[in-house]
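# Structural characterization, general
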Amino acid sequence: MSNNYFNTLPLREQLEQLAKCRFMHMNEFTEGVEALKGKKMVIIGCGAQGLNQGLNLRDSGLDVSYTLRQSAITEKRQSFKNASENGFTVGTYEELIPTADIVLNLTPDKQHSPVVAAVMPLMKQGACLSYSHGFNIVEEGMKVREDLTVIMVAPKCPGSEVRAEYVRGFGVPTLIAVHEDNDPQGHGLALAKAYAVGTGGHKAGVLMSSFIAEVKSDLMGEQTILCGMLQTGSLLCFDKMIEKGMDAGYASKLIQYGWETITEALKYGGVTNMLDRLSNPAKIKAFDLSEELKVIMRPLYNKHQDDIINGTFSATMMADWANDDVNLLGWRAATGETAFEKTPAGDMEISEQEYFDHGILMVAMVKAGVELAFETMTAAGIIADSAYYESLHETPLIANTIARKKLYEMNATISDTAEYGCYLYNHACLPLLADFMKGMDTDVIGRGLASDDNGVDNARLIEVNAALRDHPVEAIGATLRGHMADMKKIV
Amino acid sequence: MLQLHDLSVEFDEGFQLKHINWQIQQHQHWLITGANGAGKSALAAVLAGYGEILAGSTSRLPTTIGWVSFEAQAQLIQAELKKDDADILDVISLGTCVREIIFTNETDPVIAGELIQKFELEYLLERAFRKLSTGETRKVMLIKALSCHADLLILDEPFDGLDQASHTMLQNHLTHVVKHTPVVMVLNRFDEIPDFISHIAYMEDGQLRHQVNREDTQAFNELYQLLHLKTTHLQVPDSDTDNTRPALNPKEPLVKLSNICIKHTDMVLIENLNWCIQPNQHWQLSGPNGSGKTAILSLITGDHPQCYTNDIFVFGFQRGNGESIWQIKQHIGYVSTALQWEYRVGTSLANVIISGFYDSIGLYSKSTDQQKHIANQWLELLGMQGRGDQPFNKLSYGDQRLLLIARAMVKHPPLLILDEPCLGLDDINRQLVLALIEKVCAAKETSVIYVNHHAQDRIAGIDHYLALEKSADNA
C-alpha cells in the first residue's frame, strides 16, 4: 500500500515545502519554449486538459503526440478520436513512451498510480515526467526512478479555457513546481517554465510552488469552499425556500445561477466587492450571518485541513478506491436525487442585482467559506498566495459549473478527489447547520429584506466595512489581482 | 410638396442624373452631399429648372428661387463680360455696378439694405460687379438670393470663399430665414452642416443613393463616415517602424498548399486542392456554403488542426517543423464574421486596432506611442476620430466590423484575408469596406484574399479567382 510522502519529511521540511509559492516575473520567461524545442513530448490521456494543452503546445512549435491504452485505441474511444481527429500521432505506451523526452501525465488522479507504474519502466534514461496535480507523489508516495526529472505544470482553469485563452493570444494562470527529490540534471525548472510558456500560461501569470503546497492547498480548497460549501449551501437554501412556500422553479433558478452571479463580483473585487453589491442593511445582515456561520463551521474546516495535512483524508479516499468506489458512487447517486437537483430552473427573469438582493444568505455562505478556508490554510502553514488561489480565486469557476450543470454534473466534472472531499464536507456540514437554518426565513433567501427602509446605524456600517476590508484574504487578493490586471489589460 | 419622380436629366457637359426619386416636404431643410463629381450641384440645379429632362417628371418646382452657386455666379459674370463685348462705343465699359446687380424688381430693398450692412458692402455698391473679388462676388450673390422672397433657397457651397466673420454672420442669418423658407444646401464638408438641416441626400454617380433623416443618429454617423472616406484623400496609415516581423523572401510564394485534404470522421470536405499565392497577387475565393472556404483559410492561418497533417508552406515555413502559430500569424491580417463573434472583450476602440499588432483578441501587451498614434490615424480614416477611448462592445455591428478591418490592416500584413467582410453590413458600410479594400489592393504592399459567395461580385484590383465547389462527398 502507498506511503504518504509528506509524512516522511521532518517538520522543518514540511513547513518549508508548504510555504512555497511565488508569483513569477514576466522576465523569467524570456527563453520561451527553447528548453523543449525539438524534444519529443508524449501526453498520456486525451480528455479536456490533455487535448487542449496538447493543441497549445503544438501551436507553440513543440512536438506533441498522444499515448493511450491499447483498449482505448482498438475500441476507438473518445480519447482516441480527440487526438486522431486533431491530426496527432496516437500510439500505445510501448510504441511512444520509449521515444519520449518528456511524458505528460494528464490522466485523472485516480489512474496516476497504475499509469505511472506502467510507463515508468518504458521511459528512456534521463527523461522527464510531468504531472498536473501532485496527489500521486505527495499522498500516494509514488517513488519515481532516480534518473527521471519530475515536474508539475497545472493550469488553474478548465481545459476548454486553457485553449480559448491561448487562441486569443493570452493564457490562464498556471502553477509550476519541481519535485526536488527528482531533479537529477537540475533542469526541472527550465522544463516547467518552457511548458508553461508553451500553453500560454506565462502571459497570465505563473506561480512557482511545490508539489506539497499544491496538493495540501488544492485538496483543502476544493472540498470546503469550492465544491462542498456550494453544494451544502444549494441544498439548504433550496429546501428553506420550498419550506416557506416559494415557487420551486424560482428557488431552483435563484440558486443555480445565483452562485455564479454573486461570485462574479468576488472575482473582480474580492469579498468586499461582493458584499458592497448589497444594500447597507442587507450587507450588515450578510456580515452578521457569515460571522455566525464561521463560528459554527470553523471546527469542520479545521478537521478537513488536519485530515489533509496528516494524510487521513487521502488514506480514507484511497480505501474507497480500493473498495470499488462504493462510497463515492453512492453519494453521487444521492446528489442526483436531491430536490434541488430534480427541480428545473423556472423561466422567470431574475435581474443581476436580484441575485444579490434575494440571496443574502448565499452571499454570507460564500464569505464565510472563503474566509474560513483561507484562514485555515494559512494557519496550517500554507502561504497566503496559495491559499488565495485555492479558495477565493477558484470559487467563481465552480459556481460557473453549477450554473451550467447543477450539482450532479458539477461533481462528475471535477476530479474524483474533489468530488469525494465535497461529499465528506457536505455530509458533515448539513447536520452542523441544521439549527442555524431553523432561524432563517425568506428575507435572507428568496425574497430579500423589506425595502421600505434602507436606514442603518453609522457606527455599525463603519465597523462592518472595516472588518470586510481588513481581512487578510482581501490584502493578498488585491495584490494578486493587481498582477493579473497588469498583464491582462482588459479583464 | 416638391417632387421628382424617377427623373433622369442631362446637362450640357453630357453629365446625367439618373432615376432620381425625391420629395421635399414642408418644413424640411435638405443637405445634398456626396463626393466630387457625384452630381450634388446638378441635383440642386434641377430644382432651379436647369437640365434637359430625359425621362420621369417633376411637380411643384418653386417659381421664385434664390440660388447661390458657382454656376450661377459664373453665369452672372459671363453675362457681364458679354455686355462689355457688345458695347460698340469706343469707351471702356466697366459693366453693371453692384447696386444695379443687387437692386432689381425682385429685390426687397429693406432686406437687401440690411444684408449690405451686415456684409459691410456699402463701400462697394458703386463699383463694377466684375471687378469684385471672389468672396465679394459671393456676398453679392447671397444678398440677391436672400432678399428676393424665394419659395426655395438653393445654397450650393454658400460658405466657400467667405471669411470667418461673414461665415458666422450668414449662419446666424440663415437660422431666421429657415423659419419661413425651405432650404436646400449643397456641402462637401459635413462639419459645416448647420443645425437646421433636417434631412440629408447622398449622391453618387449621378444617383440619389441614400436619404437620411438627421434624427436617425446611426444612419447619420454612417453617412458621415462614408462621406469622410469618399472625400478624403484616402491614405492607409503608416506601419509600425519598430515591428520585428522578419522580412519575407520576395521570390517565394506567400502560401503554397499542395494536395490538400481536409477530412472529418464522416466526410471529406476538401480533396487534392492546390493553391499558390504569390506576393502582390489579389485573390477572390468563392463557393457555396459548406464548400470549405473558411476551412482552407484556417489552414493558412494555422487555426485548423489539420494544418499539421497537410503539405502547407506559408511565409517561409513548411508547417509542422517547430514554428509557432504566432510566427505565422504575424504575417496575416484576418477578418471574418466568426472573428467578430469571438471579439467580445470590453476594450476600447483604440486597443482593438492596436491588438492587430499582436494578433490577439483583446490587448495584453503594453502598446507603444507609435502604435497609439497609428491607431488614431485609423480612427480618423474611419471617421471615428476622438472616439478611441469608447468601448468596442457598445459600437454598432457595422462600426465593429470597420474597426476589425482596421485591426487586420494596421500592421500592413503581407497577406490580408477578408472572409466575407461585408456580411451583415448595410449598404453604406459595405461601400466603405469595399473602398478600403480597393485602396489596400492598389497599395502593392499586401496580397488580398477576398472571400464571398458570389464569383460575379468583383472588386477592382482583384485578378485571381479560386472557385470552390461542394465536394460530392459533402453534398
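Residues numbered from 1 in each chain as written. Chains lettered and ligands numbered in written order. Predicted model: local features only at pLDDT ≥ 70, side-chain atom pairs only at ≥ 80, totals over all residues.

## A look at the overall build of chain B
- Counting its regular elements, chain B contains 14 helices and 18 strands.
- For 475 residues, the compact-globule formula gives about 23 Å, and the C-alpha radius of gyration of chain B, at 29 Å, lies well above that figure.
- In terms of principal-axis extent, the alpha carbons of chain B reach across some 90 × 50 × 45 Å.
- The buried share of chain B, reckoned over its 475 residues, is 39%. (Helix = DSSP H or I, 4+ residues; strand = E, 2+ residues; numbered from the N terminus. Rg over C-alpha atoms; globule rule 2.2 N^0.38 Å. Buried ≥ 20, exposed ≤ 12 C-beta atoms within 10 Å, placed from the backbone.)

## Looking at the overall build of chain A
- When you go through chain A residue by residue, the secondary structure sums to 25 helices and nine strands.
- Here the C-alpha atoms of chain A give a radius of gyration of 23 Å, agreeing with the 23 Å that 2.2 N^0.38 yields for 491 residues.
- Principal axes of the C-alpha set define a box for chain A whose edges measure 75 × 45 × 45 Å.
- Taking all 491 residues of chain A together, 52% fall into the buried category.
- Within chain A, counting contacts between residues at least 6 apart in sequence, those at least 24 apart form 80% of the total. (Contact = placed C-beta atoms within 7 Å.)

## Considerations on the packing of helix α12 (residues 211-243) of chain A against helix α13 (residues 248-276) of chain A
All names here are of chain A.
- α13 packs onto α12 with a crossing angle of 155° between their chain directions and a minimal axis gap of 9 Å. When the axes of α12 and α13 are compared, the pair comes out roughly antiparallel. As for the relative orientation of α12 and α13, their crossing is right-handed in sense. Between α12, through Leu230, Ser234, Cys237, Phe238, Met241 and Ile242, and α13, the contact on the second element is made entirely by Ala248, Ala251, Ser252, Ile255 and Trp259.
- Residue composition of the contact of α12 with α13, grouped by class: nine nonpolar, two polar and no charged. (Axes fitted to C-alpha atoms, helices over the stretch in contact; angles between N-to-C directions. Parallel < 35°, antiparallel > 145°, perpendicular 65-115°, else oblique. Left-handed = near helix turned anticlockwise from the far one by under 90°. Nonpolar A, V, L, I, M, F, W, Y, C, P; charged D, E, K, R; others polar.)

## Examining the sheet that holds strand β2 (residues 16-24) of chain B
Residues and elements named next belong to chain B.
- Pairing within the open sheet is antiparallel, and its three strands lie in the order β2-β1-β4. Each edge of the open sheet is held by one strand with a lone partner, namely β2 and β4 (52-59). With direction set aside, neighbouring strand axes in the sheet form an average angle of 5°.
- Here strand β1 (residues 2-10) runs beside β2; their pairing, made up of six bridges, is antiparallel. The residue of β2 that forms the bridge with Leu4 is Trp22. (Pairing = 2+ DSSP bridges.)

## Topic: the sheet that holds strand β3 (residues 63-67) of chain A
Residues and elements named next belong to chain A.
- On the basis of which strands lie adjacent, the open sheet formed by nine strands has the order β1-β9-β8-β7-β6-β5-β2-β3-β4 and mixed pairing. Either end of the sheet is taken by a strand with one partner, and the two such strands are β1 (21-23) and β4 (90-91).
- Here four bridges tie strand β2 (residues 40-44) to strand β5 (residues 102-105), and the two strands are oriented parallel to one another. If you follow Ile43 over to β5, its bridge partner there is Leu104.

## As for the domain arrangement of chain A
All names here are of chain A.
- The domain architecture assigned to chain A consists of domain 1 (21-209) and domain 2 (213-487).
- A C-alpha centroid distance of 31 Å is found between domain 1 and domain 2.
- The residue makeup of the side of domain 1 that touches domain 2, split by class, is twelve nonpolar, four polar and five charged. (Domains from an automatic or database assignment.)

## Observations regarding the interface of chain B and chain A
- With 21 residues of chain B at the interface, the matching set in chain A holds 18 residues.
- Its residues assigned to classes, the side of chain B that touches chain A comprises eight nonpolar, eleven polar and two charged.

## A few points about the pairing of strand β9 (residues 207-213) of chain B
- Bridge analysis of strand β8 (residues 199-204) of chain B against β9(B) gives six bridges, and the strand direction is antiparallel. For B:Tyr202, the partnering residue across the bridge sits in β9(B) and is B:His210.

## A closer look at the nonpolar core
Residues and elements named next belong to chain A.
- Counting 142 residues, the largest nonpolar core has Val103, Ile262, Leu361 and Val363 as the members making the most contacts within it.
- In terms of residues, this core owes the most to one element, α12, which gives 16 residues.
- Looking at which domains feed residues into this core, each of domain 1 (21-209) and domain 2 (213-487) supplies at least three.
- Setting aside residues no more than four positions away along its own chain, Ile262 makes contact with Met274, Tyr355, Phe356, Gly359, Met362, Val363 and Val366. (Core = buried A, V, L, I, M, F, W, Y, C linked by C-beta atoms within 7 Å.)

## Looking at unusual backbone geometry
All names here are of chain B.
- In this structure, Asp6 is a non-glycine residue whose phi angle is positive, near 45°.
- Here Asp6 shows up in strand β1.
- Classification of Asp6 as exposed rests on a count of 11 C-beta atoms within 10 Å.
- Here His149, not a glycine, exhibits a phi torsion of approximately 50°, which is positive.
- Here His149 shows up in the loop between α5 (134-146) and β6 (152-156).
- Given 13 C-beta atoms within a 10 Å radius, His149 is considered partly exposed.

## Topic: the environment of B:Ser166
Residue and element names in this part refer to chain B.
- With respect to the element layout, Ser166 can be found in helix α6 (residues 164-177).
- Measuring from C-alpha to C-alpha, the distance between Ser166 and Gly135 comes to 9.7 Å, with 31 residues separating the pair along the chain.
- Beyond its immediate stretch of four places on either side in the chain, Ser166 contacts Phe119 and Lys139.

## Remarks on the pairing of strand β6 (residues 128-131) of chain A
Residues and elements named next belong to chain A.
- Both faces of β6 are covered, namely the face carrying Cys128 and Ser130 and the face carrying Leu129 and Tyr131.
- Bridge count between β5 and β6: four bridges; the pairing is parallel. Bridge pairing links Val103 to Leu129 in β6.
- Taken together, β5, helix α7 (residues 112-119) and β6 constitute a β-α-β crossover, and its handedness is right-handed.
- Direction of pairing for β6 relative to strand β7 (residues 149-155): parallel, over a ladder of four bridges. Across the sheet, the residue bridging to Ser130 is Ile151, located in β7. (Right-handed = clockwise from strand over helix to strand, strands pointing away.)

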